[in-house]
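Take a look at the letters that make up each chain.
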Amino acid sequence: MRFGMPWPGRDVGREAEQAGVEAFCAGEFADHDAYLTVADIVANTERALAGPAIAYAFARTPYAHATALRQLHTQAPGRLFLGLGSAAFRINRDWLGVPAERPVARIADTVGAVRAWLHAENGERVRYAGEFHDLDADVRAPVLGRLDIPVLLAAFNARMAATAGRVADGVVGHGLFTGSWWNDVVRPAVARGAGDGDGDGDPAGTRPMEHGWIITAVDDHAPERAIADARRMIAFYLTVRTYDPFVAHHGWEEPVARLRDAFRAGDTDAMVRAVTDDMLTGIAVCGTTADAKDALARRAGSLPRDVGYFAAPSFMVSRGRRAAYARAALALIGALPDPA
């Protein structure tokens, strides 16, 4: 597995690449754009993989996704990937003002249309006919040429994971993923979508790629605060009901009900207390450096096989503390287990 992290900014990012970080990803939200962040990554690194993980799939047309990647490719050939996420129903409807129905079918069609632009050759029409996208572009300027940039889908539940296996090059796993969720739900679904039965095919060649986020908070001077930050991040994620199948799979309904009550009441301390030790050890890498290395040794099967993004908690955590967590995580590079 390659050691990656969400882009921590230019200063920490340059230091991280020199220390051995092999991939950086860009998230997306109301205050930061995925492709602008990827542009910052490729301008300030030399070798690391770079890409959105994820960009909101429906916030842009397939043309806009592909042209952004084409321009970035001129600066970082061979280093790019594209992670697309459907985003929550309310984000699509209320923030983006785009249709939000049938997100699984819509994102599958979006992948096909993005690839049509990425694979376009000079002198040939760009054609794609899908349920949601219909392209027939005659681009006369010699600005195309096939780009084989991997396309990954953020896939939490089984249906989206199967779709990723069917139409994309792989998946981007969520920071909540445990070993059980990877092995019992996500990997089998991806394999079914890819036509690989149970997912025990070629571990490094033809199988779909696995990228994934890992909640990581390391602080040798204040490990209790790091652990609390990791618990708070877990709690914040679990306020989203989309993840109820994950909660039920682990039997965590009672603590999740408590943390959701605390969230509604604005009691973040109670949210932290509701996250059990079992939840923490199954999801996060946190505490002292020694604690984090022990966690990695236990969690080989619960890590993505190809790229792991060791991500500092962001919910109610300052930029300065996130940067400190990113620097501290660099001590884990040599401790990565084989997740296969």
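Just above, that's the structure.
Residues numbered from 1 in each chain as written. Predicted model: local features only at pLDDT ≥ 70, side-chain atom pairs only at ≥ 80, totals over all residues. Heavy atoms only, no water.

*Asks:* I'd love a proper account of the overall build of the chain, names of residues and values included.
*Replies:* Looking only at helices and strands, the chain has 14 helices and 12 strands in total. In terms of overall size, the chain behaves like a compact globule, its C-alpha atoms giving a radius of gyration of 20 Å where 340 residues would be expected to give roughly 20 Å. Projected onto its principal axes, the C-alpha positions of the chain cover 60 × 40 × 40 Å. A total of 340 residues make up the chain; the buried ones form 54% of that total. A total of about 14900 Å² of accessible surface is found on the chain, and carbon and sulfur atoms cover 50% of it. Taking the average location of the 37 positive side-chain charges in the chain and that of its 42 negative ones, the two points are 3 Å from each other. (Helix = DSSP H or I, 4+ residues; strand = E, 2+ residues; numbered from the N terminus. Rg over C-alpha atoms; globule rule 2.2 N^0.38 Å. Buried < 20%, exposed > 50% of the residue type's maximum accessible area, 1.4 Å probe, protein only. Areas by Shrake-Rupley, 256 points an atom, 1.4 Å probe, with all protein chains shown as cover. Lys, Arg positive; Asp, Glu negative; His and termini not counted. Charge placed at Lys NZ, Arg CZ, Asp CG, Glu CD.)

*Asks:* Break down the pattern of salt bridges for me, citing the residues and quoting the values.
*Replies:* Scanning the entire structure with this criterion turns up 24 salt bridges. Across the salt bridge formed by aspartate 33 and arginine 60, the nearest N and O atoms sit 2.9 Å from each other. One end of the pair, aspartate 33, is in the loop between strand S2 (23-26) and helix H2 (34-43); the other, arginine 60, is in the loop between strand S4 (55-56) and helix H3 (62-73), and 27 residues separate them in sequence. The shortest N-O distance in the salt bridge between arginine 321 and aspartate 229 comes to 2.9 Å. Of this pair, arginine 321 sits in helix H14 (residues 319-329) while aspartate 229 is found in helix H8 (residues 223-237), placing the two residues 92 residues apart along the sequence. Just as arginine 321 is buried, aspartate 229 falls in that class too. One network of salt bridges, in which partners are shared, links Arg125, Arg127, Asp136, Asp138 and Arg140. (Salt bridge = Lys/Arg side-chain N within 4 Å of Asp/Glu carboxyl O.)

*Asks:* Give a detailed account of the packing of helix H6 (residues 158-167) against helix H7 (residues 179-194), specifying residues and quantitative values.
*Replies:* Direction vectors running N to C along H6 and H7 enclose 40°, while the axes themselves pass 6 Å from each other. Classed by the angle they form, the pair H6 and H7 counts as oblique. Judged by the twist between their axes, the crossing of H6 over H7 is right-handed. On the side of H6, the interface is formed by Ala158, Ala161, Ala162, Gly165 and Arg166, while H7 contributes Val185, Val186, Ala189, Val190, Gly193 and Ala194. For the contact of H6 with H7, the residue count by class is eight nonpolar, two polar and one charged. (Axes fitted to C-alpha atoms, helices over the stretch in contact; angles between N-to-C directions. Parallel < 35°, antiparallel > 145°, perpendicular 65-115°, else oblique. Left-handed = near helix turned anticlockwise from the far one by under 90°. Contact = heavy atoms within 4.5 Å. Nonpolar A, V, L, I, M, F, W, Y, C, P; charged D, E, K, R; others polar.)

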